[in-house]
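Spelled out from the first residue to the last, the chains are:
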Amino acid sequence: MKRTVVRVFFVFWAFVLSACALHAQNAGCAFMQLPYLENFESTAIGAVPQCWLRAVPDTAGVCDLPSTVASSSHDGQRSLRIACSTAEADNGVALPAVDSSVAYVEISFWAVSMPDSAASPSTLAVGLMPDADTLSVAVVQEYLVLPADGQYRRYTVLLALPDSGAWRPTLGVVAGAGCFVDELAAYAGASCMSPQGLALD
């Protein structure tokens, strides 16, 4: 069945995730099963979840590898740390690939700027890259400026997938010292996002 999708109101920018070392844990990975939930609690410290990709952006060792840490979680004991951006490239991760039959993916997560980024809040770019075994150029669909007040906030981004091939959602730090991400979820989306912050009286 051919799908028809109308996409509007997206401005695309590109950033490079793979300037230096590339690391993958994607042997035998299938497409992401939606809904997809990741709280990093079962991920080993220093690793990323199975079937994710990550990159180290600089050769000087200024930035650490994106990885699971036993600190700064929103809930539970662990979170994903992405630090930092440099003049050479931006630091980030790619989630498992989404099947080409999906038109929209809604990504929801909690995030906070790193404690040492008070002078310059971190900016997290959320986008897509073609499915591959190594990180490549990501097409950014939204930039999120994370306030440097030490408070976790929930963010939701609707990603419009191109018509051909499988794509991986990406998260990358493009400004500031970095951030922590926790309780990430992905859902098959519609052309508009699910309502947020509603309450019944």
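Shown above is the structure to which this text applies.
Keep in mind the model is a prediction, meaning the values are calculated, not measured.

**Let's talk about the nonpolar core**
Looking at soluble globular proteins, one finds that nonpolar side chains tend to be buried together.
Line of reasoning, step 1. Of all hydrophobic cores here, the largest spans 31 residues; its most connected members are Trp52, Ile82, Phe109, Leu124, Leu171 and Val181.
Line of reasoning, step 2. Elements with a minimum of two residues in this core: β6 (79–82), β8 (104–113), β9 (122–130), β10 (137–146), β11 (153–160), β12 (167–175) and β13 (179–188).
Line of reasoning, step 3. When residues no more than four places from it in sequence are discounted, the contact partners of Leu171 are Ile82, Asn91, Gly92, Val93, Phe109, Leu124, Ala125, Val126, Val181 and Leu184.
Line of reasoning, step 4. Residues Val69, Ala83, Tyr152 and Phe180 belong to the second largest nonpolar core, which totals seven residues.

**Notes on the packing of aromatic side chains**
Any pair of aromatic rings gets described here by the distance separating the centres and the angle formed by the planes.
Line of reasoning, step 1. Within this structure, the stated rule accounts for two aromatic pairs.
Line of reasoning, step 2. Judged by centre distance (5.7 Å) and plane angle (80 degrees), the ring pair of Phe40 and Trp52 falls under edge-to-face. One end of the pair, Phe40, is in the loop between β3 (36–38) and β4 (53–56); the other, Trp52, is in the loop between β3 and β4, and 12 residues separate them in sequence. The same class applies to Phe40 as to Trp52, namely buried.

**Concerning the pairing of β11**
Line of reasoning, step 1. Burial within β11 is extensive, with six of its eight residues counted as buried.
Line of reasoning, step 2. Across eight bridges, the pairing between β8 and β11 is antiparallel. Bridging from a neighbouring strand, Tyr104 pairs with Ala160 of β11.

The rules we used
- Residues numbered from 1 in each chain as written.
- Predicted model: local features only at pLDDT ≥ 70, side-chain atom pairs only at ≥ 80, totals over all residues.
- Heavy atoms only, no water.
- Core = buried A, V, L, I, M, F, W, Y, C linked by side-chain atoms within 4.5 Å.
- Buried < 20%, exposed > 50% of the residue type's maximum accessible area, 1.4 Å probe, protein only.
- Helix = DSSP H or I, 4+ residues; strand = E, 2+ residues; numbered from the N terminus.
- Contact = heavy atoms within 4.5 Å.
- Phe/Tyr/Trp six-rings, centres within 6.5 Å; stacked < 30°, edge-to-face > 60°.
- Pairing = 2+ DSSP bridges.

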